[in-house]
Structures are given as structure tokens and as C-alpha cells.
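Working through the structure, step by step
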Amino acid sequence: MQSALKSGMRTLCEDVSESDTGKKFTFKGWVMHYRDHGGLIFIDLRDYSGVLQVVFDENIHNESFKTAKKLKNEYVVSISGTVRKRPDGTENAGLKTGRLELLAESAQILNACETLPFQIDEETEVNEFTRLKYRYLDLRSKRLKDNIIFRSKFTYLIREFLNNKGFFDIETPFLTKSTPEGSRDFLVPSRLSGGHFFALPQSPQLFKQILMVSGFERYYQIVRCFRDEDLRADRQPEFTQLDMEMSFVETGDVIAVAEELFSLIFHKLLGIKLDVPFKTLDYDEAMDKFGSDKPDTRFGLFLSNLTDIFANSTLNVFRDNILKGGVIKAVCLPGGASLLSRKDIDGLMAVIKDFGGKGLAWTKVAENNLLEGGVSKFITAEERTALIERLEAKSGDIIFYQADSKKTADGVLGRLRLYLAKKFNLISDDRFDFLWVVNFPLFEYSEEEKKLVSVHHPFTLPSETGLDLLEKSPLSVKSDSYDLVFNGEEIGGGSIRIHDPKLQAKIFDILSISPEDAKLKFGFLLDALSFGAPPHGGIAFGIDRVLMLLRNESSIRDVIAFPKTQKGYCPLSDAPSAVKDAQLKELGIKLREKPDKK
Ligand code: ASP
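Residues numbered from 1 in each chain as written. Predicted model: local features only at pLDDT ≥ 70, side-chain atom pairs only at ≥ 80, totals over all residues. Heavy atoms only, no water.

**Describing the nonpolar core**
Nonpolar side chains in soluble globular proteins generally cluster together in the buried interior. With 64 residues, the main nonpolar core has Ile158, Leu162, Leu242, Met244, Phe262, Phe434 and Trp436 as its most contacted residues. Ranked by the residues each element gives to this core, the list is headed by helix H7 (residues 251-270), at eight residues. Those residues in contact with Met244 that lie beyond four places of it in its chain are Leu162, Phe167, Lys208, Tyr219, Tyr220, Val257, Arg497, Gly538, Ile539 and Phe541. (Core = buried A, V, L, I, M, F, W, Y, C linked by side-chain atoms within 4.5 Å. Buried < 20%, exposed > 50% of the residue type's maximum accessible area, 1.4 Å probe, protein only. Helix = DSSP H or I, 4+ residues; strand = E, 2+ residues; numbered from the N terminus. Contact = heavy atoms within 4.5 Å.)

Structure representation (C-alpha cells):
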């Protein structure tokens, strides 16, 4: 921390060190703990830097002692006194200033505090609604305060780094037209254009591309994005992205800037030296081996494809599935036989159904490369030898099989792999595994919409090798895209963009977006592309998620100063809330239903 003593600001609790003993200071802050020991009163004084113990001694400074008698938790005080060493044996190793204390000479109460709804910094479980309602109190706790200060240093570093790299920080509109990133938009009615609506941006995607057409070449913004989704632990209706775009670049250029940025962040904020370049994995390989496009590479348990081995299986579910074009895939849990009882294995069936699987075939590996239990009696000696070799299975392991379409089998085993690794502590938590997943498919088929949709977004450039296949076999076309994965969490993603308006129109066509619709929704981008758009590409990182991971938190709410609940509600300000009829009238809006009761 920057020393307040040096910068000439007010003295902060953690600015004092042993060399200050005998010197006089004035500290201002909050009463964190209060202990009355008769003629001596101790308080822990807290300001944003940390904590310092203050002693009021009835026999030395009676006036200040009288003031101390009136103090309660979270009163705001100004205390002047002399810094001294704590008596031997009373030091507190848990505090940075734990060897020191302030002997109060004068004290002034700057403000009182009501009885607290919960004790700050106490380990007792306080329900989150209450914490969010009194967020100002919650933010006084060390953990949250440290998270928010870390966040400030983190965004400062990003800005400093990107400014030095020639990036311009350019704001883009919050009141805009909806961009099709795949989620629901938040709409804002326009009073001046009756019956018309703005949408809050899901990301600045179109505007950052337009900035490239304008010739800015290197853009970034630490920007709020809004998506009206159903919320999960790591989702908020408004969240923050580091959004970047560069002109005249290829995938490698974007990746290089991102790696340099993360190396700097880890070095400066965590003192950790990252290995660069980060590893890169093809999307297809990620799915084959890990059953996920954001693989956690901190442990093994890789997926293996056994379809060829079971081509003539006597097990009907295996054979029928292969005949239908499906696959047989498996995961081997080393030492599984002693980790899982028969009951545990039966319990896994429900887990597998939760993951979208139909069932779970399994076998144990016994001595002499024999299989036992589960479906072992349907497996021939030849199949057995081949699969044990492929899985590198050993006596005492358990093998779990999935017979399904490749997509489902990969997905189910990918989740089972994570489940087993977490359950049996196979993930070393001192690893920092960064991984680029590249060459995503350009399109996927949406069962819900019954049409092709973009895997990233419609502005992603198809790989050059796939251009001929766009119409004939669109699902086989890859894209110039890349996601950054950190310890199994996707923390960013981007792509090289289409800069040719004709190719962009063709992609809309494949996505069954009519020229009229395309014009309506993204006409302004199409127009811009036709006026000399340079080749360009970019990426966006989820700042809240990165911070959550760096701070070892399990929810992004703990790294956001004023988050919303999982129902998208702000207990502090009671938003969203009903509005006056007059306000609606001005907007020409009539509610079809009465507002929900809260
Ligand atoms: N706009 C994209 C997103 O928000 C990221 C990008 O392609 O740059 O996910």
C-alpha cells in the first residue's frame, strides 16, 4: 500500500511500524472491537488500511478514558496518542500492527452507530440477503474490503498495461440497439420516441468493430454488460468485461497481448511467474479428451474412445448404440475400487442422470488384467485386453462407460470426470493452468431453435480452409476463434472477425437471418463494413470471474461492490421496484399484469 505517512495524507493504522514507537499520531476510523478491562479499555481501531489496537488508561489520560467509556462497536472516532510497543506476551501475530498499540491521549466521537444487524468480520453465517441489504457494513469486513481494493489495483494495472501498448480507452453507448449475443436483452423505453425501446448492451461487440472501421486500431474498455439471464453462482444481470479489439491482427497477435497482460497481473498482484506461451488445445481434442470446451487440465482422468474395440460387442446397449452411429467412451478412476463401495457406484447413477446420461456401465479391474463386476461378463477377453491397454488401467481401478451420441457421452463423462476429481481431491490447488482452446466450430445445430446458430457470434471469421464448405457442410467449418481457460473456467473468448460485407451476408444467410432482418438488426455494422473495414479481431474477459478465481471466492458477488441477489434483486436499494402510473403514462406504457408481489 502507498504509505499515507509518505504521501502526506492522514495517518493510517497500518502505516505505523516499530520505528514509530514514541511518536505522536492521530488516527481516524471505526471501533471494531471493544474490551472494557476496568481501568483499561482496549479498542481495535479499523480504517481502510487495517487495524491498530488503542489503549485508554484511566490513570494516565482520564478525559480520553471517559470518552472511551461511551464508545460502542462501529462508532466513528478520532484518537490522538503515542505509539508504543505492546507489553511482552500480549502481541497479536495475526495483525500487521500486532506488536504495537496506541496509548490514547485524546479522543473524539465523530459519529455514533445503531445496533448492528450482524457483527462485522465475525465468522457466524449471516444470510446473504441481510448482508446485501446492509452492504455498506458488509464491505467493512476485511475479506470484502480486500477484494474490492484488489479489484481496483487489478483494473488499474490493466489500464496502465494497455495504455502503454497503444490501446485507447473508448466508451460505447449503454442505450443502444439489441445485439444478438444469444441472451435476452434488458429493454429501456424511450419517452422521446414513443413505443420504441433501447436495449442495454450485452457487450460492445458491434461498436468495437465499428471503431476499427474508424481506424482506432487498438481499443479497450472495462465495461459493464447486461444480460437478462436466469442467474447462477457466477452470473449477474450486469457484469464487467475487459473488452478489446485490434486491427490488422491474426489470432496469434491477440493471444500474445492477452498472455503478456495475464503474466503481468499474476506477477504484480500475486508474485507468481506464469509459463508463457500458454498451452493451446484444439476444440475437438478438448471435447474428445476432457468432454468439455473449458477443460480443467490440473488432473488426468482423460476420456477414451472405445467404439472400435466394442464394434462387435455382445452387450446390446453398446452394440445398438454403435449401430445408431453413437460412441462408447470411458473414464478410468485409478484406485477406484477402494474409493467407491458398491452403494457409492449405485449412487452415481442419479449423478449421471443429472448430467444428462441414460445410465452408467462400469467394471472393476482385477489382478491379471481381468475385469469384474458391472458389465464385465459381457466383455470378451480380446475387448478386455484392448481396453485395458488403451486406458492404461491397473488392478484396483474402476472404469466407467457411456454409450450414447458423441456429444452426450463426452458431456456426461466430462462432468463425471470433474465430479470424481472434486470428490476424491485429485485437483492440486496450487496450479495455475492457463489454456487456449482454439478452432471452435463456426456453427452448431440448436435443437431448441431448429436451426444453425453461431458458436461464438455471427461476426466470427470462418477458418480459411472451411470457406468452400460453408454452404455444403456448414457444421464442419471451424472458426478463427479462441477461448482462454483458467483452471477449468472460461475467463475470456474472442475471434478474428469478418471484415468482408459479402461474407458477412453469407453467414447471416446460413444462420437463416433474412437480408431484411439482418438490415434491421445490424444494418449499421453491415454498412460500416462496406466502407473500408480493416481485418480485425479481439477478445473479451470476464473481469468478475477472473477476480473471483484470483481471490479464491466461490461467487462473483464477493468481488462486486454492489451485486444483486441470485434473483437479480438489489436488497440495498430495493431495485427493481414498481413505478408510478404517471411515469408509465409518460412512456406510453400500460402494464398487462399487476407488478409481482415482493
Ligand atoms: N463480444 C464477445 C462476448 O461478449 C467477445 C468477443 O468476441 O470479443 O463474449
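**Some details on helix H15 (residues 515-529)**
The terminal C-alpha atoms of H15 lie 15 Å apart, and with 15 residues this falls more than 12% below the ideal 21 Å at 1.5 Å per residue. Buried residues of H15: Ala518, Phe522, Gly523, Leu525, Leu526, Ala528 and Leu529, and no others. For H15, the secondary structure elements touched by its buried residues are helix H6 (205-213), helix H14 (501-510) and strand S22 (536-542). (Expected span 1.5 Å × (residues − 1).)

**Quick look at the state of the cysteines**
Two cysteines form a disulfide when their sulfur atoms are joined by a covalent bond. As enumerated under the stated definition, the model contains zero disulfides in all. Cysteine Cys13 remains unbridged, with the sulfur of Cys113 as its closest cysteine sulfur at 17 Å. Note on Cys570: no disulfide assigned, nearest cysteine sulfur contributed by Cys225 at a separation of 19 Å. (Disulfide = S-S within 2.5 Å.)

**Let's talk about the site of the ligand**
In the vicinity of the ligand there are twelve residues, among which Gln205, Lys208, Gln241, His457 and Arg497 approach most closely. A distance of 2.7 Å separates an oxygen atom of the ligand from a polar atom in the side chain of Lys208. A distance of 2.9 Å is found between an oxygen atom of the ligand and a side-chain nitrogen or oxygen belonging to Gln241. Expressed as a share of its isolated accessible area of 270 Å², the protein-covered part of the ligand is 87%. Counting residues per element, the ones that place at least two in the shell around the ligand are H6, strand S21 (489-496) and S22. (Near = heavy atom within 4 Å. Polar contact = N/O pair within 3.5 Å; in protein donor to acceptor, adjacent residues only side chain to side chain. Areas by Shrake-Rupley, 256 points an atom, 1.4 Å probe, with all protein chains shown as cover.)

**Concerning unusual backbone geometry**
For residues besides glycine, phi is generally negative; the peptide bonds are generally trans as well. Residue Pro277 is bonded to the preceding Val276 through a cis peptide linkage, with omega at -5°. Position of Pro277 among the secondary structure elements: in the loop between H7 and strand S11 (279-282). In this model, Ala575 is joined to Pro576 through a cis peptide bond whose omega is 0°. In this structure, Pro576 sits in the loop between helix H16 (543-550) and helix H17 (581-587). Residue Leu301 is not a glycine yet carries a positive backbone phi of 50°. Along the chain, Leu301 turns up in the loop between helix H8 (283-290) and strand S12 (303-305). Here the phi dihedral of Glu392 falls at roughly 50°; this positive angle occurs in a residue that is not glycine. Since its relative accessible area comes to 61%, Glu392 is described here as exposed.

**What about a nonpolar patch on the surface?**
The grouping of Tyr136, Phe562 and Leu572 at the surface amounts to a nonpolar patch, some 310 Å² of accessible area in total. Inspection of the secondary structure puts Tyr136 in helix H4 (residues 135-138). (Patch = residues over 30% accessible without salt bridge, like charges linked within 9 Å, V, L, I, M, F, W, Y side chains within 5 Å. Salt bridge = Lys/Arg side-chain N within 4 Å of Asp/Glu carboxyl O.)

**As for the sheet that holds strand S15 (residues 371-372)**
Within the open sheet, the five strands sit side by side as S12-S13-S16-S14-S15. Their pairing is antiparallel. In the strand order of this sheet, the two ends are held by S12 and S15, each with one partner. As paired strands, strand S14 (residues 361-365) and S15 are joined by two bridges and run antiparallel to one another. Bridge assignment links Lys364 to a residue of S15, and that residue is Glu372. Sheet strands in contact with H8 are S12 and strand S13 (327-333), and its direction is about 95° off that of S12. Together, S12, S13 and strand S16 (398-404) form the strand contacts of helix H13 (residues 406-423), whose direction differs from that of S16 by roughly 155°. (Pairing = 2+ DSSP bridges. Axes fitted to C-alpha atoms, helices over the stretch in contact; angles between N-to-C directions.)

**Side note on the pairing of strand S10 (residues 238-247)**
Counting buried positions along S10 yields nine of ten residues, so the element is predominantly enclosed. For strand S9 (residues 218-226) and S10, the ladder comprises nine bridges, and the chain directions are antiparallel. Bridge pairing in S10 links Val223 to Gln241. Relative to S22, S10 runs antiparallel, the two sharing seven bridges. For Asp243, the partnering residue across the bridge sits in S22 and is Ala540.

**What about the packing of H8 against H13?**
The interhelical angle for the contact between H8 and H13, taken along N-to-C directions, is 65°, at an axis separation of 8 Å. Along its contact with H8, which presents Met287, Asp288 and Phe290, the element H13 presents Lys406, Asp410, Gly414 and Arg417. Class assignment of the residues belonging to the contact of H8 with H13 gives a composition of two nonpolar, one polar and four charged. (Nonpolar A, V, L, I, M, F, W, Y, C, P; charged D, E, K, R; others polar.)

**What to know about the sheet that holds strand S6 (residues 168-169)**
Spatial ordering of the open sheet is given by S6-S9-S10-S22-S21-S20-S17-S11, a layout of eight strands whose pairing is mixed. At either end of the open sheet lies a strand with only one pairing partner, and these are S6 and S11. Of the pairings in the sheet, the one linking S21 to S22 comprises five bridges and is antiparallel in character. Residue pairing across strands places Ser495 opposite Gly538, the latter belonging to S22. Packed onto the sheet, H6 meets S9, S10 and S22 and runs at close to 25° relative to S10.

**What to know about the environment of Leu162**
Locating Leu162 in the fold gives a position in helix H5 (residues 142-164). Judged by its relative accessible area of 0%, Leu162 is buried. Between the C-alpha atom of Leu162 and that of Thr307, which follows or precedes it by 145 residues, the distance is 49 Å. Non-local contacts of Leu162, meaning those with residues more than four positions away in its chain, are made with Phe167, Tyr220, Leu242, Met244 and Val257.

**Overview of the side chain of Gln209**
When you line up the elements, Gln209 lands in helix H6. Setting aside anything within four residues of it in sequence, one finds Gln209 in contact with Glu245, Phe459, Arg497, Ile498, Leu525 and His536.

**Remarks on the packing of aromatic side chains**
Scanning the model with the defined rule gives 24 aromatic pairs in all. Aromatic pair Phe266 and Phe486: ring centres 5.8 Å apart, planes at 75°, arrangement edge-to-face. One end of the pair, Phe266, is in helix H7; the other, Phe486, is in strand S20 (residues 481-486), with 220 residues separating them in the sequence. Like Phe486, Phe266 is buried. Summarising the aromatic geometry, the rings of Phe355 and Tyr419 are spaced 6.2 Å apart at their centres and angled 70° between planes, so their arrangement reads as edge-to-face. You can see Phe355 sitting in the loop between helix H11 (342-354) and S14 and its partner Tyr419 sitting in helix H13, a full 64 residues away along the chain. (Phe/Tyr/Trp six-rings, centres within 6.5 Å; stacked < 30°, edge-to-face > 60°.)

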